[in-house]
Amino acid sequence: MSKTSRRDFLKGAVGSVLGGSILTKTKAEAATVTQVDFGVEKKVPLLCRMCAQFCPMIATVRDGRIVRMEANMDTPYGGICGRGRAAMGALYDPDRIKTPLIRVGERGEGKFRKASWDEVLDLVAGKLKAIEAENDQKSVAFLPRFNSAQELDSNFFKVYGTPNIIGYGDVCFGNGLTVGLSAVVGGKLASGVPDQSTGSVSPDYENAKYGILLQRNPGGALVCHAWGNMFGRGKRNGMQVTVVDPRKPSEAGETDANWVPIRPGTDGPFLLGLMHEIFKNNYFDSAYLAKHTNSDMLIDVKTGLPVQTRQLEKEVKGKKEEILDYLVSTEQGFMFKSEAQTSALFGSFTLDIEGKSVACKTALEMMKEEVKFFTPEWVQEETSIPAQNIIDISKKLNDTKPACFIERGYRSERYASSLREKLLITQINVLLGAFGVKGGVFYNRSVKTTGYMHAPKTKDTSISQWYLKNDINSNFMSDKHYRRTWIKTLLSEKPYKQRVAIFSGQNIVGGSAGSREIIQGLQKLEMIVAISPFLNETIMYADIVMPDCTFMERDEAINTSYKTPIPTIGVNRKAIEPLYESKDGYWIILQLAKRTLKPELFEQYFGEFEREGMMSIWKKQYSKLSGLNEAEMATIPPLESILNGRVWVGEKHYGIKAKGTPTGKIELYSTFLANKKAEFTEKGFDKADYASPLPVYNKPFWIQQKAKLSNNEFIPITGFHPLGTFTGQQTKNNTLLQTINEATNTDAVFINREKGKALKLKTNDIVEIINIDKPEMMNKARVVLSDTVHPDALFCYYGTGAGFYNTMTHFLRNVNKIGFNPNHIANFTFNPLTTGQPAQDFIVSIRKSV
């Protein structure tokens, strides 16, 4: 397909709004001016979905077209990035899905015919009703992402009767980050697994003196503008930064950031080395540990469990809670923590319990002894980081504590060792006394709105619940985010067969590791439905495609998930009517509900919405707000004010807390993990060490396979492009971003210059990239030789390359026609216990294409 030039695009998107060009009008034509000619404009509040973060912004509308995007400056961190500014490029994308489609070719060919809304809705509803008649609703899966019908879509499928509402988080943050954080600092139990939102804590960039950026780039892409804003303020306030990464992210600071290159997948040894130095040099915060943590807990050295505990009732904010009281050592002898004034942080002891002699140590003593082996010299061998760097970085943390942090990471599911790395990050931040304090790592606050609907509980067990109960390898998986385990179910039909999948914005083929096996699973489905404004790899396998409109063309539910340290309330309003034949998700779901549900059931759950529309959702959400203090509640504006564009913001608070841990304290030594480790050990589980509460080293899969790479071998690593969006076409096929995408080599892979020269490669050569475990799957990309990439790493921007499964690129005029997508050729493997994807945990070889 021919490309649309930026000049031609702007003529269509802006020039036509001006009625051609005002400057070219004759004197006679100028006499018949319109309101538009005088610049009459409408300002519409939006919450940007060009990535996932809901940044508040304002659209300027003239004559029914959006002509400009600006930041909504109602928040202390107001601003939008280049993606938000280029949102019109997605809205007026000539290649977006314009009509309902029905597949006419083989799955994967991308051959469709146009259809009417009635036809596709009747087909989907008919299939759902047929499955319901067989009492098999559990065989239907709904997979939402960037969904446009919040508060309605998932509830419809619950009312219908399926328990399988499947999130994407197991390919992003879950469950390694979630468990590694929550097991220590607390979080509610979700199906027995500690669970805390990934946005619940953030480094206090603005007030930190020193920070280590690890597994995250707050100055780069896929971050809400507030994160970049806070990071920039921190840099201006004097925050010093060390970047530990196989590739130097330029967004972190070209000149003043200390880059420490590291072998891919060896963050664990780096962190263990820091912990070794912290204990060796007494860099930990003793007063913080004694007051806020369970560091003094006496642990049975044989079992790894607390030597003695009891349940104790305690009143917290007027509510009675049970906490785990534990034995400690004091100058007066052994006693329970609740009875002790002071207790020992270190020490080895022998207790007589019920006539048996029990050897025990404090939790802190156990950790100190565990890390003795992980010397800076050992770290150098494992990571390629010079030993002196470990010593210097550790000292820097001590010199600046508690106003320092190790970045908690974001897209955590990369290696088999991901859970262990997240646990170590949390433990080190606690050792430094940084959790909950100014300049350290603090708890974000958010508002809770009232749910619109209370859908009935389904009678069937979800796939995730079955795996949690029956598969020891899945013991720490999320009960909500399990799309890769769902693929395992498609392939094995355990615990039961899946027949229909409805994707609302999720791109499982392009965005999950092991695309070949994923496609094999999808091929077993009886019906695949995709709801999306844009094409993606998964839509190539869909039987029915429903064109969703963009966020600029719809009203949405009130949102309080804007990721900042302060509670926020805002709403996305419709700026223009949906283009082409696209419809908003609320309309789509309502039509499916009307066609699928029995009339009385439809009236019970959806009748109000049919009559009152979005106002019924907004009123219910706003009827009761929680999570705020009295002073904040007194400033809550009327609903009308929010709907008219105001973004309400609350206060930033510091505070040290541990809500949800068994002891009611920050558990530097996690009792949840200790119990799981003991349970797994008793069962003979060979991966029991992955649940250890102690600082241990679990190797990534690739190092277990091959400790040293050959000259032509690399570990594929990815990072988000500054203007990228997962695998979404809203930025990849965006005419307004095309020049920048080309200039920043989004179709390329980056390798170390010296290693590339040894392979007789030069920049702009085309190379063939091959997974050594799947040699039949070859991906072509342009190569760039770089001085800022580790010799073991092959870097590409996430989701920007055409990849192996590239049929979609034939229908999009501005996307790359070559380029690497590691997910396409990755192994279909699972991280131990969490079942997350080890997306970068495999070895590729490269060769020059001939």
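Residues numbered from 1 in each chain as written. Predicted model: local features only at pLDDT ≥ 70, side-chain atom pairs only at ≥ 80, totals over all residues. Heavy atoms only, no water.

## Focus on unusual backbone geometry
- A cis amide bond links Gly 174 to the next residue, Asn 175, at an omega of 10 degrees.
- Relative to the helices and strands, Asn 175 is located in the loop between helix H6 (153–160) and helix H7 (176–185).
- Following Lys 401, the chain continues to Pro 402 via a peptide bond in cis, the omega torsion being 5 degrees.
- By secondary structure assignment, the location of Pro 402 is in the loop between helix H13 (387–400) and strand S19 (404–406).
- With a phi angle near 55 degrees, Ser 191 is a residue other than glycine that sits in the positive phi range.
- Looking at the element boundaries, Ser 191 is found in the loop between strand S7 (188–190) and strand S8 (193–195). (Helix = DSSP H or I, 4+ residues; strand = E, 2+ residues; numbered from the N terminus.)

## Here's the deal with the sheet that holds strand S30 (residues 793–797)
- If you walk around this closed barrel you meet the 6 strands as S26-S30-S27-S29-S28-S31, and the pairing is mixed. Neighbour-to-neighbour, the strand axes of the sheet open up by a mean angle of 45 degrees, direction not taken into account.
- Where strand S26 (residues 713–719) lies against S30, 5 bridges are found, and the strand directions are parallel. Across the sheet, the residue bridging to Ile 717 is Phe 795, located in S30. (Pairing = 2+ DSSP bridges. Axes fitted to C-alpha atoms, helices over the stretch in contact; angles between N-to-C directions.)

## Notes on the packing of aromatic side chains
- By the definition in use, this model includes 29 aromatic pairs.
- Seen from their ring centres, Phe 750 and Tyr 797 are 6.1 Å apart, and the 80 degrees between their planes marks the pair as edge-to-face. One end of the pair, Phe 750, is in strand S27 (residues 748–752); the other, Tyr 797, is in strand S30, and 47 residues separate them in sequence. Assigned by exposure class, Phe 750 and Tyr 797 land together as buried.
- Both rings, one in Phe 795 and one in Tyr 797, keep their centres 5.3 Å apart while their planes meet at 80 degrees; by these two values the pair is edge-to-face. Each member of the pair Phe 795 and Tyr 797 is classed as buried.
- A connected cluster of aromatic rings, assembled from ring pairs, spans Phe 142, Phe 156, Phe 157, Phe 602 and Phe 606. (Phe/Tyr/Trp six-rings, centres within 6.5 Å; stacked < 30°, edge-to-face > 60°. Buried < 20%, exposed > 50% of the residue type's maximum accessible area, 1.4 Å probe, protein only.)

## Topic: the environment of Asn 470
- Note that Asn 470 resides in helix H15 (residues 463–470).
- Judged by its relative accessible area of 47%, Asn 470 is partly exposed.
- Between the alpha carbons of Asn 470 and Pro 495 there is a distance of 9.6 Å; along the sequence they are 25 residues apart.
- In terms of polar contacts, Asn 470 uses its side chain to reach the backbone carbonyl oxygen of Trp 466, at 2.8 Å. (Polar contact = N/O pair within 3.5 Å; in protein donor to acceptor, adjacent residues only side chain to side chain.)

## Description of the pattern of salt bridges
- Under the definition given, this model contains 51 salt bridges.
- In this structure, the salt-bridge partner of Arg 753 is Asp 787, at a minimum N-O distance of 2.9 Å. Of this pair, Arg 753 sits in helix H28 (residues 753–758) while Asp 787 sits in the loop between strand S29 (774–786) and S30; the two residues are 34 residues apart in sequence, bridging distant segments of the chain.
- Three or more residues are tied together by salt bridges with common partners; here these are Lys 127, Glu 134, Asp 136, Lys 138, Arg 499 and Glu 526. (Salt bridge = Lys/Arg side-chain N within 4 Å of Asp/Glu carboxyl O.)

## Quick notes on the environment of Leu 833
- In this structure, Leu 833 sits in the loop between helix H29 (822–825) and strand S31 (844–848).
- Under the relative-accessibility criterion, Leu 833 is labelled buried at 0%.
- Measuring from C-alpha to C-alpha, the distance between Leu 833 and Ala 257 comes to 35 Å, with 576 residues separating the pair along the chain.
- Residues in contact with Leu 833, not counting those within four places in the same chain, are Ile 472, Asn 473, Ser 474, Asn 475, Phe 476, Met 477, Phe 680, Phe 685, Tyr 690 and Ala 691. (Contact = heavy atoms within 4.5 Å.)

## Comments concerning a positive patch on the surface
- Taken together, the side chains of Lys 188, Lys 317, Lys 319, Lys 448, Lys 657 and Lys 659 present a region of like positive charge at the surface.
- By secondary structure assignment, the location of Lys 319 is in strand S15 (residues 319–330). (Patch = residues over 30% accessible without salt bridge, like charges linked within 9 Å, V, L, I, M, F, W, Y side chains within 5 Å. Areas by Shrake-Rupley, 256 points an atom, 1.4 Å probe, with all protein chains shown as cover. Lys, Arg positive; Asp, Glu negative; His and termini not counted. Charge placed at Lys NZ, Arg CZ, Asp CG, Glu CD.)

## Some thoughts on the sheet that holds S15
- Judged by pairing direction, the sheet is antiparallel, and its 3 strands sit side by side in the order S14-S15-S16 without closing on themselves. Where the open sheet ends on each side, the last strands, each with one partner, are strand S14 (309–316) and strand S16 (333–336). Within this sheet the neighbouring strands show an average axis-to-axis angle of 30 degrees, counted without direction.
- Two elements, S15 and S16, share 4 bridges in a ladder whose sense is antiparallel. Considered in S16, the bridge of Thr 330 is made with Gly 333.

## Re the pairing of strand S21 (residues 500–504)
- Taking burial as the measure, the 5 residues of S21 include 5 buried ones, the bulk of the element.
- Alternating positions in S21 separate into two faces, Val 500, Ile 502 and Ser 504 on one and Ala 501 and Phe 503 on the other, with burial throughout.
- Note: strand S6 (residues 140–144) against S21, 5 bridges, orientation parallel. If you follow Ala 141 over to S21, its bridge partner there is Ala 501.

## Observations regarding helix H19 (residues 585–596)
- The end-to-end C-alpha distance of H19 is 16 Å, a good match for the 16 Å that 12 residues give at a rise of 1.5 Å each.
- Most of H19 sits inside the fold, with 10 of its 12 residues counted as buried.
- Within H19 the residues assigned to the buried category are Gly 585, Tyr 586, Ile 588, Ile 589, Leu 590, Gln 591, Leu 592, Ala 593, Arg 595 and Thr 596.
- Buried residues belonging to H19 abut helix H5 (117–133), H6, strand S22 (527–532), strand S23 (544–547), helix H20 (599–612) and helix H21 (614–622).
- Sitting at the amino-terminal end of H19 is Asp 584, which places a side-chain oxygen 2.8 Å from the backbone nitrogen of Tyr 586. (Expected span 1.5 Å × (residues − 1).)

## A look at H21
- All buried positions along H21 are accounted for by Met 614, Ser 616, Ile 617, Trp 618, Gln 621 and Tyr 622.
- Residues of H21 that are buried sit in contact with strand S24 (568–569), H19, H20 and helix H23 (639–643).

## A short note on the domain arrangement of the protein
- For the protein, the assigned domains read domain 1 (1–32), domain 2 (101–171 + 448–649), domain 3 (201–315 + 323–352 + 359–443 + 668–691) and domain 4 (701–848).
- The contact between domain 2 and domain 3 buries some 1100 Å² in all, and 73% of this surface belongs to carbon and sulfur atoms.
- Where domain 2 touches domain 3, the interface holds 0 salt bridges.
- Counting the contacts that link domain 2 with domain 3 gives 1 residue pair in polar contact (both at pLDDT 80 or more).
- Here the residues of the side of domain 2 that touches domain 3 are counted per class, giving 5 nonpolar, 3 polar and 2 charged. (Domains from an automatic or database assignment. Buried area = accessible area lost by both parts, 1.4 Å probe. Nonpolar A, V, L, I, M, F, W, Y, C, P; charged D, E, K, R; others polar.)

## Focus: the pairing of S14
- As paired strands, S14 and S15 are joined by 8 bridges and run antiparallel to one another. Note on S15: the bridge partner recorded for Gln 311 is Leu 324.
- Taken together, S14 and the strand that follows it, S15, pair antiparallel across an intervening segment of 2 residues, in which Lys 317 is found at a positive phi of about 50 degrees.

## Description of the side chain of Ser 464
- Position of Ser 464 relative to the elements: it lies in helix H15.
- A distance of 3.0 Å separates polar atoms of two side chains, one belonging to Ser 464 and the other to Ser 462.
- Beyond its immediate chain neighbours, meaning those up to four positions away, Ser 464 contacts Met 477, Ser 478, Asp 479 and Tyr 482.

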